Amino acid sequence: MAGLKDDPVLGINDMIETREETEIKDAVIDKVREEGGQGDREMAPMGNSIHRSGSRPQLDLSKAAIQGNSEERDPTILLPNQSDDISHLALDIGGSLIKLVYFSRHEDRTINDKRKKTVKERLGISNGNRRSYPILGGRLHFVKFETRKINECLDFISSKQLHRGGIDTHGWLSEAPANCSAVIKATGGGAYKFADLFKERLGVSLDKEDEMDCLVAGANFLLKAIRHEAFTHMEGHKEFVQIDHNDLFPYLLVNIGSGVSMIKVDGDGKFERVSGTNVGGGTYWGLGRLLTKCKSFDELLELSQRGDNRTIDMLVGDIYGGMDYSKIGLSASTIASSFGKAISEKKELEDYRPEDISLSLLRMISYNIGQISYLNALRFGLKRIFFGGFFIRGHAYTMDTISFAVHFWSKGDAQAMFLRHEGFLGALGAFMSYEKHGLDDLMVHQLVERFPMGAPYTGGKIHGPPLGDLNEKISWMEKFVLKGTEITAPVPMAPPGTTGLGGFEVPSSKGGTLRSDASALNVGVLHLVPTLEVFPLLADPKMYEPNTIDLSDHNELEYWFTVLSEHLPDLVDKAVASEGGTDDAKRRGDAFARVFSAHLARLMEEPAAYGKLGLANLLELREECLREFHFVDAYRSIKQRENEASLAVLPDLLMELDSMTEETRLLTLIEGVLAANIFDWGSRACVDLYHKGTIIEIYRMSRNKMQRPWRVDDFDVFKERMLGSADKKPHPHKRALLFVDNSGADIVLGMLPLARELIRRGTEVVLVANSLPALNDATAMELPDIVAEAAKHCDILRRAAEAGGLLVDAMINTLDGSKENTSSVPLMVVENGCGSPCIDLRQVSSELAAAAKDADLIILEGMGRALHTNFNARFKCDALKLAMVKNQRLAENLIKGNIYDCVCRYEPAS
Ligand SMILES: Nc1ncnc2c1ncn2[C@@H]1O[C@H](COP(=O)(O)OP(=O)(O)O)[C@@H](O)[C@H]1O
Ligand SMILES: CC(C)(COP(=O)(O)O)[C@@H](O)C(=O)NCCC(=O)O
Ligand SMILES: [Mn+2]
């Protein structure tokens, strides 16, 4: 769940908001006329999907909508059905379930503006690292259907036009020409059984791939490319396992579908199916349905959670008169014979509780599979067993039971592990079998998983047709998500019990309810972002952990859950106001609040549901939810107001600074950064404070309160590095990366004056800002204008900004040859690749990675970037971490201090 790495406008869930159709149509036509010179003749008829053909792009205007404020003169218009969103599909049609993996791509819309080009040239970024065939940017979606309801699956494919994609001669996924029959990769028995149906209904041929090949390819891809894919599950405790890619093989893959396959995997494409069993998921569901009359698999599984298998299983104690058979290590409560008590002639099926039958059956099958798996692992000397297949269904009790069996029989020698994409291995493998898609080259840092709300996106089954647009999505949520939230409310776990004398006691994780499939939210949408890179200045990328606060501690989770919940009404107000306060904005605001609360509730129940959870992930999730409901920039007007107010007092501040000695100036500058970091709309305490004065009054108050030593105070060491000492002459840093935080005083009166000082001392400065808005953080898009305004009052900034290509007018002069600017040290701006208040340095923009190559100083500013994340990060170059702590609990836990204490941590290159 890392930063934003996708197109903010068109990249979210293929969904748009539906507004007044005619009004939008007119606006679209006007806009297209203005921009592209395409007349009405070339327009596709409204409501019809038209696919691109030949050299002349045609527009599909169906469901077009205005993005943002429709009152604006030149609003952005979204064309969700415009077919440059190319999809591609692979299927695994099993005995019980059909699994779909599909890919959607929006064409690269990076605007190659002049500013960016100059910065790229300055930083020496070329396009040279492109591969012979590019990895595609886009998203992988995971969806499943019941095989007996195959028509729903066909409708889904048809309505999303998923069968139209193809691979062109360059290896790009593209659209198949209309006259060419599409071919879809498919695996599982259904690829044979239903081939004619697919041809008949969709006109597509199924290209059959071997099921075992696909399972292995899917598992290998997931284990290499997804950071938090594999986990152990013992006695209710889930723990992610970091798999070393160089030490993955050999392993045993056990796929528990309708039946069970056991595959020894030695490498990519190197495997052998060593065993299997016919007692699998189909057995549990089939036998369970006959015995309990359950209507669905989930109902059966849910019954088991209220069951007591002792009423039906024959236990060791039943045979031994209540005693353990301790000589061979079996306790009285060990199951001696599953369903053994049913031999009693006095009882019929109706006399047993369906709950007990379901539990007994589940335990019988899970133990059996666990035991056979272990025996096969033993046979080949394998220590690791990965379990996949939808029988597992993320169900704690099932996983505990299997783990218990493996642990028991191996005496702790072998380990059972589970996969988050459990049932999608085959479908993913079929997808991987398309040639030249480049996906097998993807690295962990190029994948970002997101968890948008909505039936097709939850990895769950589809209830009815796919959601067409944002409007439909909100309606769906209004009906279901509140219910979903109740279902996902925390489920108390029984305290871990002892497992006795090594016998099969009841494992502890027997929650009272089962999460509904519709709100399962276990598997998100995988965003493939080829441009992301690992920040090259991390001292030890393998050991790097961005989060300072680990939310697997329940108290921590509860605290931050409350903080974020309490902040929600205020955030919704700001978001709705930022979109004009219309009824539509209110409805979206309500939907946002619902969805974010549902995520929080889900995570309270199972903190590791979406992978390892840290505070940074929660803060990012909040921003993602806002974007999901098309809130482009909730703090837009606040940011603007604060920028203006701060720019007005900047000249006075610069004058004051220029009158100081070097030493006092440096201290005042750092003090200024810390003081101005108080402008943080994400902190409850600060927002309360803003009611008590104007921006400038608060800024002054904050500066006046600055008193050294700060709670963490390495200023003197930093000063010595910057100014030298009696016997050491200073040498300036070559390039500094300044990770900036908030708009207004924070950037204008804090970070910009510090940047100016570095420039003055001969250090190139790169301001690193968010790619997308998050709270009141300044974005990379906004910075050039702020710098341009500041440069009006300051020659140092002006020359540096000109040299860095930030001032467009000045650049025009330069291009004319009328102005020479090469003499000054440049000031540049790069985007960091994130849309969150925190930064995960494992996934940053390629621009930032390039800028880092010559940098020898980094300055991380603000709570999000320097405390919540990266507080413990070590770098290859000098690092300065500056922040004011605006939360009491964090101050106590992290620096044993109080709210409004400051951190100035300087760490020379390691
Ligand atoms: N919603 C569901 N409907 C039916 N079976 C389900 C469902 N969820 C989980 N299952 C279990 O998953 C099994 C199918 O797993 P899967 O990996 O899809 O195998 P297959 O490819 O054989 O269909 C079923 O037999 C059943 O035990
Ligand atoms: C979201 C933030 C990390 C932003 O802080 P910043 O990086 O702007 O200093 C911070 O405001 C925060 O931790 N807020 C939640 C805690 C609170 O309301 O006290
Ligand atoms: Mn911030």
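No experiment lies behind these values; they were computed from the predicted model shown.

Draft legend 1. Quick peek at the site of ligand 2. Taken together, the neighbourhood of ligand 2 is formed by 16 residues, with Asp-680, Gly-864, His-868, Lys-886 and Asn-887 sitting nearest. At 2.8 Å from an oxygen atom of ligand 2 is found a side-chain nitrogen or oxygen belonging to Asp-741. Met-863 places a main-chain nitrogen or oxygen 2.8 Å from an oxygen atom of ligand 2. Coverage of ligand 2 by the protein amounts to 97% of the 470 Å² it exposes when considered alone. Broken down by secondary-structure element, the contributors of at least two residues to the shell around ligand 2 are helix H14 (554–578) and helix H27 (863–868). Here the shell around ligand 2 takes 3 residues from H27, the largest share from any one element.

Draft legend 2. Region of interest: the coordination of the manganese ion (ligand 3). At 2.0 to 2.1 Å from the manganese ion (ligand 3) lie its protein donor atoms, namely Asp-741 (OD), Asn-742 (OD1) and Asp-777 (OD). If you list the donors of the manganese ion (ligand 3) from N- to C-terminus, the spacing comes out as D-N-x34-D. Of this pair, Asp-741 sits in the loop between strand E22 (735–739) and helix H22 (745–760) while Asp-777 sits in the loop between strand E23 (764–769) and helix H23 (783–791); the two residues are 36 residues apart in sequence, bridging distant segments of the chain. For the pair Asp-741 and Asp-777, one class covers both residues: buried.

Draft legend 3. Focus on the site of ligand 1. Neighbouring ligand 1 are 15 residues, the closest being Ser-96, Lys-99, Ser-258, Gly-281 and Phe-390. Phe-391 places a polar main-chain atom, nitrogen or oxygen, 3.2 Å from an oxygen atom of ligand 1. For ligand 1, the accessible surface in isolation is 570 Å², of which the surrounding protein chains cover 94%. Of all the secondary structure elements, the ones that give two or more residues to the shell around ligand 1 are strand E4 (97–105) and helix H7 (281–292). At 3 residues, the largest contribution of residues to the shell around ligand 1 is made by H7. When grouped by side-chain class, the residues that make up the shell around ligand 1 number 5 nonpolar, 8 polar and 2 charged. Viewed by domain, the shell around ligand 1 spans two of them, domain 2 (86–214) and domain 3 (219–528), each represented by three or more residues.

Draft legend 4. Structural detail: helix H16 (residues 615–628). Over its 14 residues, H16 runs 20 Å from end to end, which matches the ideal 20 Å to within 8%, given 1.5 Å per residue. Counting buried residues along H16, 14 of its 14 residues qualify, which places the element largely inside the surrounding structure. Residue His-630 follows H16 closely and has a positive phi angle near 65°.

Draft legend 5. Spatial organisation of the pairing of strand E10 (residues 230–234). When you tally the buried positions in E10, you get 4 out of 5 residues, the bulk of the element. Adjacent in sequence and paired antiparallel, E10 and strand E11 (residues 237–240) are bridged by 2 residues, among which Glu-235 carries a positive phi angle near 45°.

Draft legend 6. How the structure looks around the sheet that holds strand E26 (residues 878–884). One open sheet holds the 7 strands; their spatial order is E21-E27-E26-E25-E22-E23-E24, and the pairing between them is mixed. This sheet does not close on itself; its edge strands, each paired only once, are strand E21 (712–713) and strand E24 (827–831). Bridging between E22 and strand E25 (residues 857–861) involves 4 bridges; their strand directions are parallel. Of the residues in E25, the one forming a bridge with Ala-736 is Leu-857. Across the face of the sheet, H22 comes into contact with E22, E23, E24, E25 and E26 while running at roughly 170° to E25.

Draft legend 7. Looking closely at the packing of helix H17 (residues 636–658) against H23. The geometry of H17 relative to H23 is characterised by a closest axis approach of 10 Å and an angle of 25° between their N-to-C directions. Judged by the angle between their axes, H17 and H23 are roughly parallel. Between H17 and H23 the crossing geometry is right-handed. When H17 is examined against H23, the residues Asn-643, Leu-647 and Leu-650 are found in contact with a partner set consisting of Ile-786, Glu-789 and Ala-790. Residue composition of the contact of H17 with H23, grouped by class: 4 nonpolar, 1 polar and 1 charged.

Draft legend 8. Expanded view of H14. Its 25 residues place the ends of H14 35 Å apart at the C-alpha level, agreeing with the 36 Å of an ideal helix rising 1.5 Å per residue. If you look at H14, its biggest bend is around 40°, right at Leu-568, and the proline Pro-569 turns up within four residues after that. Turning to H14, its buried residues are Glu-556, Leu-557, Trp-560, Leu-564, His-567, Leu-568, Leu-571, Val-572, Lys-574, Ala-575, Val-576 and Ser-578. In this fold, the buried residues of H14 make contact with helix H15 (583–605), H16, H17, H27 and helix H28 (888–895). At the C-terminal side of H14, Gly-580 shows a positive phi close to 90°.

Draft legend 9. Molecular detail of a nonpolar patch on the surface. On the surface, Ile-319, Tyr-320 and Met-323 cluster together into a nonpolar patch covering about 320 Å² of accessible area. Inspection of the secondary structure assignment puts Tyr-320 in the loop between helix H9 (316–319) and strand E16 (335–337). With a relative accessible area of 38%, Tyr-320 lands in the partly exposed category.

Cut-off values and rules
Residues numbered from 1 in each chain as written. Chains lettered and ligands numbered in written order. Predicted model: local features only at pLDDT ≥ 70, side-chain atom pairs only at ≥ 80, totals over all residues. Heavy atoms only, no water. Near = heavy atom within 4 Å. Polar contact = N/O pair within 3.5 Å; in protein donor to acceptor, adjacent residues only side chain to side chain. Areas by Shrake-Rupley, 256 points an atom, 1.4 Å probe, with all protein chains shown as cover. Helix = DSSP H or I, 4+ residues; strand = E, 2+ residues; numbered from the N terminus. Donors = N, O, S within 2.8 Å, 3.2 Å for Na, K, Ca; no water. Buried < 20%, exposed > 50% of the residue type's maximum accessible area, 1.4 Å probe, protein only. Nonpolar A, V, L, I, M, F, W, Y, C, P; charged D, E, K, R; others polar. Domains from an automatic or database assignment. Expected span 1.5 Å × (residues − 1). Pairing = 2+ DSSP bridges. Contact = heavy atoms within 4.5 Å. Axes fitted to C-alpha atoms, helices over the stretch in contact; angles between N-to-C directions. Parallel < 35°, antiparallel > 145°, perpendicular 65-115°, else oblique. Left-handed = near helix turned anticlockwise from the far one by under 90°. Bend = angle between axes of the 7 residues up to and from the residue. Patch = residues over 30% accessible without salt bridge, like charges linked within 9 Å, V, L, I, M, F, W, Y side chains within 5 Å. Salt bridge = Lys/Arg side-chain N within 4 Å of Asp/Glu carboxyl O.

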